[in-house]
Amino acid sequence: MELPDTLTSCSDEDLLIRYRKGQTEAFGVLVRRYERELYGYLRRYLGDANLAEDVFQNTFLQLYTKIKQYEAGRPVRPWLYTIATHQAIDALRRNGRHQALSLDQHRQEAGDGELHSLMETLESSGPSPLDLAQGEERRDRVRASVDRLPDFLRQVLILAYYQGLKYREIADMLGIPVGTVKSRLHAALVKLQEAWSATPSMYEA
């Protein structure tokens, strides 16, 4: 039997292949590998820690039931995010809720050019930062604008800005060209900037 420590050096794709061949420890290694990252994504997407935990468990339950559909060599990370996002959407629909995003999360990836937090992006052409009270009021304004985005734009925004997924990963996950990912992200930011400019602040004269 191969030791779990050895399995931790395997790729995601290799872990799934090993699991399909009967090496049950490989599945647990994959779950632990994504525990923090995927749970963090779901918590930001759903705005509820308990619901995020449920959806995280459901995500890997779905992965378990779909394991025979896995094609050797298929990237696991975008597939996992696809399952998790669908599970999250279903959970929100069942609860009659909308996701509540953390607007200060920075994107970690810098491969296609550094992306700042959403707040910084929208304020980049505006005045200097205000005090904490104004900052909270601005967060509410942006959050409301994000909630009004069409689902297909909001989804790309979350995956790019909050999860740091690369454009190619998002494209693979959503089944669309990379160019479409970029155009949707641009459209989302344009709509948010328009809403930001059109919505007056209670602190503005």
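Residues numbered from 1 in each chain as written. Predicted model: local features only at pLDDT ≥ 70, side-chain atom pairs only at ≥ 80, totals over all residues. Heavy atoms only, no water.

Draft legend 1. Structural view of the overall build of the protein chain. Counting secondary structure elements, the protein chain contains 10 helices and zero strands. Of all 205 residues assigned to the protein chain, the portion counted as buried reaches 43%. Put simply, the protein chain shows about 11,100 Å² of open surface, and 50% of that area lies on carbon and sulfur atoms. (Helix = DSSP H or I, 4+ residues; strand = E, 2+ residues; numbered from the N terminus. Buried < 20%, exposed > 50% of the residue type's maximum accessible area, 1.4 Å probe, protein only. Areas by Shrake-Rupley, 256 points an atom, 1.4 Å probe, with all protein chains shown as cover.)

Draft legend 2. Highlighting the nonpolar core. The biggest cluster of nonpolar side chains holds 54 residues, and the ones touching the most others in it are Leu 38, Tyr 41, Leu 42, Leu 46, Phe 60, Leu 63 and Leu 157. If you list the elements that add at least two residues to this core, you get α2 (12-20), α3 (25-46), α4 (49-65), α5 (76-95), α8 (151-162), α9 (167-174) and α10 (178-198). Sorting elements by how many residues they give to this core places α3 first, with 10 residues. Apart from the residues lying within four places of it in its own chain, the contact partners of Phe 60 are Phe 27, Leu 30, Val 31, Tyr 34, Leu 38 and Leu 80. (Core = buried A, V, L, I, M, F, W, Y, C linked by side-chain atoms within 4.5 Å. Contact = heavy atoms within 4.5 Å.)

Draft legend 3. How the structure looks around α5. Over its 20 residues, α5 runs 28 Å from end to end, which matches the ideal 28 Å to within 8%, given 1.5 Å per residue. For α5, the tally of buried residues reaches 14 of 20 residues, placing the bulk of the element in the interior. Looking one or two places after α5, you find Gly 96, whose phi comes out positive at around 60 degrees. (Expected span 1.5 Å × (residues − 1).)

Draft legend 4. Focus on the packing of aromatic side chains. Under the defined criterion, the tally for this structure stands at seven aromatic pairs. Taken together, a centroid distance of 5.0 Å and an interplanar angle of 40 degrees make the contact between Tyr 19 and Phe 27 tilted. Each of the two residues, Tyr 19 as well as Phe 27, counts as buried. For the pair Phe 27 and Phe 60, a centre-to-centre distance of 6.2 Å together with 90 degrees between the ring planes defines the contact as edge-to-face. Separated by 33 residues along the polypeptide, Phe 27 in helix α3 and Phe 60 in helix α4 bring together distant segments of the chain. Of the two residues examined, Phe 27 and Phe 60, each falls in the buried class. Three or more aromatic residues link up through ring pairs in this structure, and these residues are Tyr 19, Phe 27, Phe 56, Phe 60 and Tyr 64. (Phe/Tyr/Trp six-rings, centres within 6.5 Å; stacked < 30°, edge-to-face > 60°.)

Draft legend 5. Layout of the side chain of Asp 12. In this structure, Asp 12 sits in helix α2. Excluding anything up to four places from it in sequence, Asp 12 contacts Leu 30, Arg 33, Tyr 34, Val 76 and Arg 77.

Draft legend 6. Expanded view of the packing of α2 against α3. One can describe the packing of α2 onto α3 by two numbers: an axis separation of 8 Å at closest approach and a directional angle of 150 degrees. Between α2 and α3, the interaxial angle falls into the category roughly antiparallel. In terms of crossing hand, the pair formed by α2 and α3 is left-handed. Contacts from Asp 12, Leu 15, Leu 16, Arg 18 and Tyr 19 in α2 reach Ala 26, Phe 27, Val 29, Leu 30, Arg 33 and Tyr 34 in α3. Partitioned by chemical class, the residues of the contact of α2 with α3 number eight nonpolar, no polar and three charged. (Axes fitted to C-alpha atoms, helices over the stretch in contact; angles between N-to-C directions. Parallel < 35°, antiparallel > 145°, perpendicular 65-115°, else oblique. Left-handed = near helix turned anticlockwise from the far one by under 90°. Nonpolar A, V, L, I, M, F, W, Y, C, P; charged D, E, K, R; others polar.)

Draft legend 7. Highlighting the pattern of salt bridges. Evaluated as defined, the whole model comprises six salt bridges. With a closest N to O distance of 2.8 Å, Arg 77 and Glu 37 form a salt bridge. Here the residue Arg 77 occupies a position in helix α5, and Glu 37 occupies one in helix α3, the gap between them amounting to 40 residues. Here the salt bridges share partners, and the residues they tie into one network are Glu 37, Arg 77 and Glu 169. (Salt bridge = Lys/Arg side-chain N within 4 Å of Asp/Glu carboxyl O.)

Draft legend 8. Focus on the packing of α2 against α5. Put simply, α2 and α5 touch, their axes get as near as 8 Å, and they point 75 degrees apart. By the angle between their axes, α2 is roughly perpendicular relative to α5. Across from Asp 12, Glu 13 and Leu 16 in α2, the residues of α5 making contact are Val 76, Arg 77 and Trp 79. Tallied by class, residues from the contact of α2 with α5 come to three nonpolar, no polar and three charged.

Distances and angles like these do not, on their own, reveal function.
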